[in-house]
Number of protein chains: 2
Amino acid sequence: MNLKEISKKLIKGDFSSLLGFANGNKNVHPSEVAKMLYSVPADTALKAFQSLPANTQGKVFSYVDILLQKDIVKHSTKQKASHILNELSSDDRIAFYSSVKGVERSSFLELLNEKNKDAVHDILGYPDNSVARLINTEFATIDREITIAEAIEHLRKNHKDNETANVIYVVDKDGKLIDDIPVRRFILNDPSKKVADILDGYCVSLKMTETKEAAVAKFMEYDRVVLPVTNTDNVLLGVLTVDDVLDVAEQKYTKEIQNFGGVEGLDYPYVKTSFFALIKKRATWLIILFVGEMFTATAMGYFDAEISKAVVLALFVPLIISSGGNSGSQAATLIIRAMSLKELTIKDWWFVMRREILSGLTLGFILGTIGFIRIAVWQNLHLYNYGEHWALLATTIFLSLIGIVMWGTLSGSMIPIVLKKFNIDPATSSAPLVATLVDVTGLVIYFSIAAIILKGTIL
Amino acid sequence: MNLKEISKKLIKGDFSSLLGFANGNKNVHPSEVAKMLYSVPADTALKAFQSLPANTQGKVFSYVDILLQKDIVKHSTKQKASHILNELSSDDRIAFYSSVKGVERSSFLELLNEKNKDAVHDILGYPDNSVARLINTEFATIDREITIAEAIEHLRKNHKDNETANVIYVVDKDGKLIDDIPVRRFILNDPSKKVADILDGYCVSLKMTETKEAAVAKFMEYDRVVLPVTNTDNVLLGVLTVDDVLDVAEQKYTKEIQNFGGVEGLDYPYVKTSFFALIKKRATWLIILFVGEMFTATAMGYFDAEISKAVVLALFVPLIISSGGNSGSQAATLIIRAMSLKELTIKDWWFVMRREILSGLTLGFILGTIGFIRIAVWQNLHLYNYGEHWALLATTIFLSLIGIVMWGTLSGSMIPIVLKKFNIDPATSSAPLVATLVDVTGLVIYFSIAAIILKGTIL
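As the structure is a prediction and not an experimental result, all values here were calculated from the model.

1. Here's the deal with the relation of the copies chain A and chain B
Expressed as a screw operation, the relation of chain A to chain B combines 0.0 Å of axial shift with a rotation of 180 degrees, fitting to an RMSD of 0.1 Å. Such a combination of rotation and displacement between the chain copies is what one expects of a two-fold axis. A symmetric contact is evident, with 99% of the interface residues of chain A recurring at the interface of chain B.

2. Things to note about the sheet that holds strand β4 (residues 206-207) of chain B
Residues and elements named next belong to chain B. Across the sheet, which stays open at both edges, the 3 strands sit in the order β4-β5-β6 with mixed pairing between neighbours. Strand pairing shows two members of the sheet lacking a second neighbour, β4 and β6 (236-241), which therefore form its edges. Here strand β5 (residues 226-230) pairs with β6 via 5 bridges, running antiparallel. What sits directly across from P228, in β6, is V239. Where helix α14 (residues 242-260) meets the sheet, it contacts β5 and β6, and its direction lies at approximately 65 degrees from that of β6.

3. Describing the domain arrangement of chain A
Each assigned domain of chain A is listed here: domain 1 (3-128), domain 2 (140-250) and domain 3 (270-454). Each of domain 2 of chain A and domain 3 of chain A has a C-alpha centre, and the two are 52 Å apart.

4. Topic: the environment of S327 of chain A
Along the chain, S327 of chain A turns up in helix α18 (residues 317-340). Once the C-alpha coordinates of S327 of chain A and S411 of chain A are considered, the two residues, 84 residues apart in sequence, prove to be 9.6 Å apart.

5. Quick word on the interface of chain A and chain B
Taken together, the contacts link 97 residues of chain A with 96 residues of chain B. Residues belonging to the side of chain A that touches chain B are distributed by class as follows: 55 nonpolar, 23 polar and 19 charged.

6. A word on the packing of α18 of chain A against helix α19 (residues 349-380) of chain A
All names here are of chain A. Viewed as axis vectors pointing N to C, α18 and α19 meet at an angle of 145 degrees, and their least axial separation amounts to 12 Å. Of the two possible hands of crossing, α18 and α19 adopt the one that is right-handed. Along the contact surface, α18 presents S323, S327, A331 and I335, while α19 presents V352, E356, G360, L363 and L367. Residue classes in the contact of α18 with α19 are distributed as 5 nonpolar, 3 polar and 1 charged.

7. What about helix α3 (residues 30-38) of chain A?
Listed in full, the buried residues belonging to α3 of chain A are P30, V33, A34, M36 and L37 of chain A. One side of α3 of chain A carries all its buried residues, which in axial view fall inside an arc of 155 degrees.

8. Describing the packing of helix α13 (residues 212-222) of chain A against helix α14 (residues 242-260) of chain A
Residue and element names in this part refer to chain A. At their nearest, the axes of α13 and α14 sit 10 Å apart, and the two run at 120 degrees to each other. With respect to α14, the axis of α13 lies oblique. The way α13 lies across α14 gives a crossing that is left-handed. Between α13 and α14, the residues in contact are K212, E213, A215, V216 and F219 and V242, V245, V248, A249 and K252, respectively.

9. What to know about the environment of V242 of chain B
Positionally, V242 of chain B belongs in helix α14. You can call V242 of chain B buried: it has 26 C-beta atoms within 10 Å. Between the C-alpha atoms of V242 of chain B and L18 of chain B, which are 224 residues apart in sequence, the distance is 31 Å. When residues no more than four places from it in sequence are discounted, the contact partners of V242 of chain B are V225, V242, D243 and L246 of chain A together with F219, V225 and V226 of chain B.

10. Some words on the sheet that holds strand β1 (residues 140-142) of chain A
Residue and element names in this part refer to chain A. In space, the 3 strands of this open sheet follow the order β1-β2-β3, with mixed pairing throughout. Across the chains shown, the open sheet's two edge strands, defined by having one partner strand only, are β1 and β3 (177-182). Across the sheet, the mean angle from the axis of one strand to that of its neighbour is 35 degrees, orientation sign disregarded. By the bridge criterion, 5 bridges tie strand β2 (residues 167-171) to β3 in an arrangement that is antiparallel. Within β3, the position partnered with V170 by the bridge is D179.

11. Considerations on the pairing of strand β6 (residues 236-241) of chain A
Where burial is concerned, most of β6 of chain A is hidden: 5 out of the 6 residues are buried. Linking strand β5 (residues 226-230) of chain A to β6 of chain A, which pair antiparallel, is a turn of 5 residues; within it N234 of chain A sits at a positive phi near 70 degrees.

12. Some thoughts on helix α20 (residues 390-421) of chain B
Residues and elements named next belong to chain B. Between its first and last C-alpha, α20 extends 46 Å over 32 residues, near the 46 Å set by a 1.5 Å rise per residue. Here α20 lies mainly inside the structure; 25 of its 32 residues are buried. N423, located one to two residues past α20, shows a positive phi value of around 60 degrees.

The rules behind each value
- For every chain, the first residue of its written sequence is number 1, and the numbers climb from 1 along that sequence.
- By the order in which they are written, chains take letters starting at A while ligands take numbers starting at 1.
- Whole-chain, interface and lining totals are the exception, using all residues; otherwise, since this is a predicted model, local features are given only for residues with pLDDT of at least 70 and side-chain atom pairs are given and counted only at 80 or more.
- The least-squares superposition of copies is restricted to C-alpha atoms, and to residues with a pLDDT of at least 70 in both copies.
- By the convention adopted here, residues are in contact when the distance between their C-beta atoms, placed from the backbone, does not exceed 7 Å.
- Two strands qualify as a pair provided that DSSP identifies no fewer than 2 bridges between them.
- We count a stretch as a helix when DSSP gives it H or I for four or more residues in a row; a strand needs E for two or more, and each element gets its number in order from the N terminus.
- Under this scheme, a helix contributes an axis fitted over its contacting stretch, all axes are lines through C-alpha atoms, and angles between N-to-C directions fall in the 0 to 180 degree range.
- Domain limits in this description derive from either an automatic procedure or a database domain assignment.
- All residues other than Ala, Val, Leu, Ile, Met, Phe, Trp, Tyr, Cys, Pro, Asp, Glu, Lys and Arg, Gly among them, are scored as polar; the first ten of these are nonpolar and the last four charged.
- Crossing handedness: left-handed means the near helix sits turned counterclockwise from the far one by under a right angle, and right-handed means the same turn made clockwise.
- The exposure label follows from counting other C-beta atoms within 10 Å of a residue's C-beta, where the C-beta atoms are placed from the backbone and the thresholds are 20 or more for buried and 12 or fewer for exposed, leaving partly exposed in between.
- Relevant arc is that of directions from the helix axis to the C-beta atoms, nothing else.
- Any angle from 65 to 115 degrees is called roughly perpendicular, while one under 35 is roughly parallel, one over 145 is roughly antiparallel, and all others are oblique.
- A helix is expected to span 1.5 Å for every residue after the first.

Right under this line is the structure:
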């Protein structure tokens, strides 16, 4: 039975197929059950989850989205919710508590046993964006002075079979991190060797307070799949696996792309975001952009005399300002992305400026030429009559495009660098600034060039 | 000595500090040497690389960028280049050959030994975007009928200590994949148990022909760090580790963001892309957008009589069309991202359409109200004189904004879905279509509403 058929049955209130799917078949991964629950309305998902046997619930819980997780905790008996939350792996537990705030968080914290409550409380003291919020506090440690055989014996007795046992950490008596050993090295070496003999002396680690973005960068730079996390005294406090970082990377990119598109980053997926939350996220930027763009009306107001003398000038306003906007957003995109990949820093501003001025002039020349040809062709094929001074008008368009594209490119590349200099996230704030600045100043450039070239003819 | 000091010395031709850095200190990761080489000009980087001892070169090579890799291969003796390329891990080797094309690829292929050449040749037969291009063909297999102790003995004899031994694969006599076992399970279980007894019967795998994006999704869905890759007959051909996918994910997001900003995805980082390559990547889209936007001049041409009668109408053109464009790009961003995260499919078009029409009307109403107030305030504070019929003009702006924002939102959300339906990548092609369509039709909506409302007064 496929996903769609099971979803249909779930919506009809028939949970037996999900049960059959989740229990009868050993080859079903909890994430597949979670995917099924995601595909049906919230109330159905909750009922279906509750129909699962207790041991399956625990496994599935960590794969469902936060909205359903909250629903489940709220609508379960205190005992059951407590059981689910205490049995979660420590990183999934932190993820859950990080996503609930205020009174809700306090009441949910009461569901944990003392040990877990203290642990969660500690971690929640670290900033939202820190590595601490992602760590798994279960990990395996050994002493460097024992043999491999002894180490294996120790692990077999003390450690559960889960992913945190893929890498073993060597610590000193104060719990300070000395090195990490992938567990494969225990079986690929002679068991009589000492642990100290198979250390490679090279250990990359993260600090609790590092940002999630820094962690993503470190995983990529060192090609690791798991990294130890320590406090400032180098005491090992947890481990971070790359799959958690992959989610973070994707969320980060999603917000970055949404910011580019002029939407405040959504907290939940589009389909799960309520209509009013969606309007709020969008209205904020739209209003900021709109208020900024109102200056275009002011700017054009200064040139109303010119427009009434030469209406033909108005025809090219959308073309002119959109070219400035497009070239500005190209430049901003390239620079913001290069900064976020650490290919560029604010110190490179002079390199960027020279390069972008030259790019702007070249691109402006290309567009200007096309614009000139467009007017010449329309005029000479009698598609539109720009008047006897059409060649001067075409020259105005040509020069304006060079000026505006160059200006757009320059602003687009410099604004992100300036914002970064003042510690403002360029991805979030550049778009409206670039758009407004380029549109308003673009109009001024255009009408000023027109005033100079067309003076005495059509103006 | 820090990165900056070493870079400075390198540029001066003093490679000894790099050498000291790379050799003298056991705690230096090859990626750190690579980072150093990235920070200096290409010719210095090449010379510095060549000054490294042979065994360090091999390790550093896989961490430097493709441009330097090509330089190194071209400027080394045939024997040395051949040694470096043959010693690479199979996934790094494929990555190198995937990035060189045509004659260069053929000549570089000659540097490989027969076995590696055949293997690379096979893999290059798969599409650029397939999982096959990322796999590591070194992996450890065992039989299910032996004991854990025998398996460990077998691995110790036959397998090198590298990351591919973190997970062991159980295959049948035809090489078909049965299951995967994290190596930790060998040490956490009694050595006298049979391999068959510690299998969990649940094995996620990838096909050679699956796309890289599908692989990213699978890693995230199942929280795995390594996945086996098979052909259509389920024969195990290689393994894929998540760190390679992380690079792919980042490249994918970079291209996606660049496409959003109206730039063709760059092949190399901004700073390493030549001026002319950069112009080419940008000019293409700028010209397409420019040609599209030329229709705005045509559209406005039809209304030149209205503009000459009421110049005041022209003043609001930039504000009106930018609002349509902004709301369109918001909607497009949200929908494209939701589709790429598989939260939405083309089948959801009706849900999206209803939602976006309602969103558009709401957002348009908000902006329209602000626009109306703006005109009323300016008029009554005598900041600008819109004439005796200013209230009608303000009503025109109000209604136009509702219409245009609704239309922008609708187009922005539907164009990506339509493109997807025709198997065109919405991320690449939506922006120009949305921008052009919304700007041109926005003008028509604006002037049509103006014609109706202002007829008999200022028109």
